[in-house]
Amino acid sequence: MCVRPRIRIAAVALLGTAAVLAPVGAPAQLTGAGATTTAAGPAPAPARQRELRALLRQDCGACHGMRLTGGLGPPLTAEALYDKPADSMTETILSGRPGTAMPPWRHFMTETEAAWLVARLRNGTIDAPDSR
Amino acid sequence: MHPIPAESDRAASHGLPTTGHAGKGPGVPAGCRRAFAVFAMLAALALAGCAAPLPLRGTGDLGVVIEREDGRLQVVDTSAHATLGTVDGLGDLSHASVVYSRDGRYAYVFGRDGGLTKVDLLERRIDRRTLQAGNSIGGAISQDGRVVAAQNYAPGGIKLFDARTLALLADIPSAAGPDGQRSKVVGLTDAPDGRFVASLFDAGEIWLIDARNPRMPQVTRFRGIGRQPYDGLVTPDGRYYVAGLFGEDGVALVDLWHPERGATRILDGYGKGEARLPVYKMPHLRGWAIADGYAFLPAVGRHEVLIVDTRTWREVGRVAVAGQPVFVIARPDARQVWVNFALPDNGKVQVIDTETRRVTATLAPGRAVLHLEFTPRGEEVWISVRDDNRVVVYDTATLARIATLAANAPSGIFFTSRATRIGF
């Protein structure tokens, strides 16, 4: 149905990096975004959140559907994403995915903003009122 | 010979208009007239419920503007530069596209959510609606106007419907792509002799579908045409089908006069091995630009429009433009080609002179130009400007803005003149 995200390799690579960098005694971070520089930093300001949502719906939506139910690209609903590694998704947004139609978006958002989008998409709160 | 009955003047009998309908109701039914005669009081109430009879008019200067976030379309009058009304309830209209019945009265609207809706432009209401797939990207109407074809992403394939009733006539599953899933279908178009042509994004194939018997369509497959065909077009004479490739620099071509010769590759390596730019929006080929024997095609991932001689199908030049082209569309007389662009250059529109092959004007209609549509003979072009919530109308000779219509995040614009054109 859709191009399956090839995320395993990226996830392993990130985990590997984290394992090297993370101090002993902090294994919980290995599975979370906090283990790498894609750490969920401060949420974007409300105005920027609105811009990111608009970008998501209108421009990501060109391939993933305005309602994020998929198209040329896979669906971005919480149901489709909740069990996918957040770090690799953030990396996919920023760098794209060669061999597919997914382009890099790093000129349009920061790493923190991409991580915020991923977190909101994964837990289904992308349309929740602007907040922290 | 053909199993589908001819279309009657009025497809269905109408009762009293219901409040749920957008736009105007049908003509005054007999029941209302009786009410007038017998009870003055009830007559007044009935009058409130029964809209005045619709004035007689043709549809040749009508069209629709998609308001995709609202699942709604506007019915517009291109002579009056006015919105006549709206029709709601069309579902997810991201990437919605429209084809017309050959009488120009009905718009068939293909929604992302698989919705196929037949909209009556005159009465401005939904005539029929069906949810025919999980994820859809567009469709086409047959040469004789009797069959509507939908191209679907999920489940991947093509479905044929009776244009009058929207009853399913045939389901044509697509071939599997490398991941084993049914391929997404793109670039569906009608073609002469009762055929349709489409491309399979994942499988890298072109399918020629003989739908003269739409309950038993015959499929001819062209395999190995190139990686990831993303859209297709048929030339205005209906002879050639052209599929743009996303997965490599090149274009696949089928001569529909001679399908036995197979698909050929043209424009191989037009990117000359240079790394392409990130593509933030797939170009569209539909809404072709064939002008003076030359095809003007968007170069994927490049700020260029490619010019191809349609007699030899060799590149004869390219035009540097302001961004990555999305739509490259010839004015109906082919004197100009108009181009809009992907993010981040989507606030501009450029005009190419087809004789000198140079950009002669750069316009700034507003924020996020999504689509453009020429009036039937091309004296005007209507441009949707999503983030400014308006449709801007330009005089194509003077390039002056001559009208603005309010619309909520407008995307596609489709005029009924498409009803009479091959490939639309």
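From a predicted model like this one, the values you see are computed outputs, not experimental measurements.

1. What to know about the overall build of chain A
So, point 1. Scanning chain A from terminus to terminus reveals five helices and zero strands.
So, point 2. The order of α-helices and β-strands along chain A, N terminus first, is α-α-α-α-α.
So, point 3. Of the contacts formed within chain A by residues at least 6 apart in sequence, a portion of 58% connects residues at least 24 apart.

2. Description of the overall build of chain B
So, point 1. Tallying secondary structure elements over chain B gives two helices and 32 strands in all.
So, point 2. Burial statistics for chain B: of 424 residues in total, 60% are counted as buried.
So, point 3. In chain B, the proportion of contacts linking residues at least 24 apart, taken out of those at least 6 apart, comes to 45%.
So, point 4. Carbon together with sulfur atoms contributes 52% to the accessible area of chain B, which is approximately 16,200 Å² in total.

3. What to know about the interface of chain A and chain B
So, point 1. In this assembly, 24 residues from chain A lie in contact with 25 residues from chain B.
So, point 2. Where chain A abuts chain B, roughly 2,100 Å² becomes buried across the two surfaces, and 53% of that area is made up of carbon and sulfur atoms.
So, point 3. A salt bridge links Arg67 of chain A to Asp92 of chain B; its shortest N-O distance comes to 3.9 Å.
So, point 4. Its residues assigned to classes, the side of chain A that touches chain B comprises 13 nonpolar, eight polar and three charged.

4. Overview of the sheet that holds strand 12 (residues 185-191) of chain B
Residue and element names in this part refer to chain B.
So, point 1. Strand order in the open sheet made by the four strands is 12-13-14-15, with antiparallel pairing throughout. Of all strands in the sheet, those bounded by a partner on one side alone are strand 12 and strand 15 (218-222). Within the sheet, the average angular offset between the axes of one strand and its neighbour, ignoring direction, is 20 degrees.
So, point 2. Two elements, strand 14 (residues 205-210) and strand 15, share five bridges in a ladder whose sense is antiparallel. If you follow Asp210 over to strand 15, its bridge partner there is Gln218.

5. So, the packing of aromatic side chains
Two aromatic rings, taken as a pair, are described by how far apart their centres are and by the angle between their planes.
So, point 1. Taken as a whole, this structure holds seven aromatic pairs over all chains when the rule is applied.
So, point 2. Measuring from ring centre to ring centre gives 5.5 Å for Trp105 of chain A and Phe108 of chain A, while their planes differ by 55 degrees; the resulting arrangement is tilted.
So, point 3. On the accessibility criterion, Trp105 of chain A (4% relative accessible area) is buried.
So, point 4. Aromatic side chains Trp105 of chain A and Tyr280 of chain B sit 4.6 Å apart centroid to centroid with 65 degrees between the ring planes, which places their arrangement in the edge-to-face category. In this pair, Trp105 of chain A sits in the loop between helix 4 (86-95) and helix 5 (111-122) while Tyr280 of chain B sits in the loop between strand 19 (263-266) and strand 20 (290-291), so the two residues belong to two different chains. One exposure class covers both Trp105 of chain A and Tyr280 of chain B, and it is buried.
So, point 5. The rings of Trp105 and Phe108 of chain A together with Tyr280 of chain B are connected pair by pair, giving a single aromatic cluster.
So, point 6. Stacked on the ring of Tyr294 of chain B, the Lys or Arg Arg311 of chain B has its end atom at 5.8 Å from the ring centre.
So, point 7. Positioned over the ring face of Tyr294 of chain B is Arg357 of chain B, at 4.6 Å from the centre of the ring.

6. A closer look at the state of the cysteines
So, point 1. Summed over the entire model, instances satisfying the criterion amount to zero disulfides over all chains.
So, point 2. Cys60 of chain A takes part in no disulfide bond, and the closest cysteine sulfur, belonging to Cys63 of chain A, lies 9.4 Å away.

7. Some details on the pairing of strand 12 of chain B
Residue and element names in this part refer to chain B.
So, point 1. Most of strand 12 is tucked away: seven of the seven residues are buried.
So, point 2. Summarising the sheet, strand 12 and strand 13 (residues 195-200) pair through five bridges and their orientation is antiparallel. Following the sheet pairing, Val186 is matched in strand 13 by Ser199.
So, point 3. Hairpin remark: strand 12 followed by strand 13, antiparallel, with three residues in the connecting loop; positive phi at Asp193, about 65 degrees.

8. Details of the pattern of salt bridges
All names here are of chain B.
So, point 1. In this structure the tally under the stated criterion is 36 salt bridges over all chains.
So, point 2. With a shortest N-O distance of 2.5 Å, Arg212 and Asp210 are connected by a salt bridge.
So, point 3. In this structure, the salt-bridge partner of Glu315 is Arg318, at a minimum N-O distance of 2.8 Å.
So, point 4. Several salt bridges converge on common partners, so that one network encompasses Arg105, Lys118, Asp120, Glu123, Arg125, Asp127 and Arg128.

9. A closer look at the nonpolar core
So, point 1. By size, the foremost hydrophobic cluster in this structure holds 27 residues, and its most contacted members are Phe246, Leu267, Met282, Leu297 and Trp313 of chain B.
So, point 2. For Phe246 of chain B, the residues in contact, after removing those within four places along its chain, are Thr100 and Ala101 of chain A together with Arg227, Gln228, Tyr230, Arg276, Val279, Met282 and Val300 of chain B.
So, point 3. One finds Cys60, Leu81, Trp105 and Trp116 of chain A within the second-largest nonpolar core, a separate group that totals 21 residues.

10. Some points on the environment of Arg182 of chain B
Residue and element names in this part refer to chain B.
So, point 1. Note that Arg182 resides in the loop between strand 11 (168-173) and strand 12.
So, point 2. Considered as a pair, Arg182 and Gly157 are 25 residues apart in the sequence and their alpha carbons are 7.4 Å apart.
So, point 3. Only 2.8 Å separates the side chain of Arg182 from the backbone oxygen of Gly156, close enough to count as a polar contact.

11. Section: the sheet that holds strand 2 (residues 72-77) of chain B
All names here are of chain B.
So, point 1. Read across the sheet, four strands follow the order 3-2-1-32 without closing on themselves; strand pairing throughout is antiparallel. In the strand order of this sheet, the two ends are held by strand 3 (82-87) and strand 32 (410-415), each with one partner. Across the sheet, the mean angle separating the axes of adjacent strands is 25 degrees when strand polarity is ignored.
So, point 2. Here strand 1 (residues 62-67) runs beside strand 2; their pairing, made up of six bridges, is antiparallel. In the strand pairing of strand 2, Val65 is matched with Gln74.

12. Focus on the confidence of the model for chain A
So, point 1. This prediction gives chain A a mean pLDDT of 74; 66% of its residues lie at or above 70.
So, point 2. The low-confidence segment residues 1-39 of chain A (pLDDT under 50) makes 50 contacts with residues lying over four places distant or belonging to another chain.

13. Points about helix 5 of chain A
All names here are of chain A.
So, point 1. Taking 1.5 Å per residue as the helical rise, helix 5 with its twelve residues ought to reach 16 Å, and the 16 Å between its terminal C-alpha atoms agrees with that figure.
So, point 2. The complete set of buried residues in helix 5 reads Glu113, Ala114, Ala115, Trp116, Leu117, Val118, Arg120 and Leu121.
So, point 3. Elements in contact with the buried residues of helix 5: helix 2 (46-64), helix 3 (78-81) and helix 4.
So, point 4. Immediately beyond the C-terminal end of helix 5, within one or two residues, lies Gly124, with a positive phi of roughly 75 degrees.

The rules behind these values
Within any chain, residue numbers begin from 1 and follow the written order of that chain's sequence. Chain labels run from A onward and ligand labels from 1 onward, assigned in the order the entries are written. Owing to the predicted nature of the model, reporting of local features is limited to residues with pLDDT of at least 70; listing and counting of side-chain atom pairs is limited to 80 or more, with chain, interface and lining totals taken over all residues. Computation of side-chain values covers all heavy atoms of the structure but excludes hydrogens and water. Strands are runs of DSSP state E lasting at least two residues, helices are runs of H or I lasting at least four, and both sets are numbered from the N terminus onward. Throughout, a contact is declared for two residues whenever any of their heavy atoms are within 4.5 Å. With a 1.4 Å probe rolled over the protein chains alone, any residue whose accessible area is under 20% of its type maximum counts as buried; one over 50% counts as exposed, and the rest are partly exposed. Exposure was quantified through the Shrake-Rupley algorithm and a 1.4 Å probe, taking into account, for residues, occlusion by the shown protein chains and nothing else. Accessible surface is computed with a 1.4 Å probe, and the buried area is the amount of it that two parts give up when combined, taken over both parts together. Salt bridge, as used here: a side-chain nitrogen of Lys or Arg that lies within 4 Å of a carboxyl oxygen of Asp or Glu. In this classification, Asp, Glu, Lys and Arg are treated as charged, Ala, Val, Leu, Ile, Met, Phe, Trp, Tyr, Cys and Pro as nonpolar, and every other residue, Gly included, as polar. Each pair of strands is called paired provided DSSP finds at least two bridges between the two strands. A fitted line through C-alpha atoms represents every axis, and for helices the fit uses only the stretch in contact; the resulting angles, taken between N-to-C directions, go from 0 to 180 degrees. Aromatic contacts are taken between Phe, Tyr and Trp rings whose centres are within 6.5 Å, Trp giving its six-membered ring; a plane angle under 30 degrees counts as stacked, one over 60 as edge-to-face, and the others as tilted. Sitting over a ring, as applied to charges here, requires NZ of Lys or CZ of Arg to be within 6 Å of the ring centre and within 35 degrees of the ring normal. Any cysteine sulfur atom paired with another within 2.5 Å is treated as part of a disulfide. Only buried residues count toward a nonpolar core, which is a set of Ala, Val, Leu, Ile, Met, Phe, Trp, Tyr and Cys residues joined through side-chain atoms within 4.5 Å. Here a polar contact means two N or O atoms within 3.5 Å. Within protein one must be a hydrogen donor candidate and the other an acceptor candidate, and residues neighboring in sequence count only if both atoms are side-chain atoms. A score from 0 to 100, pLDDT tells how confident the predictor is in each residue. The length a helix should cover is 1.5 Å for every residue beyond the first.

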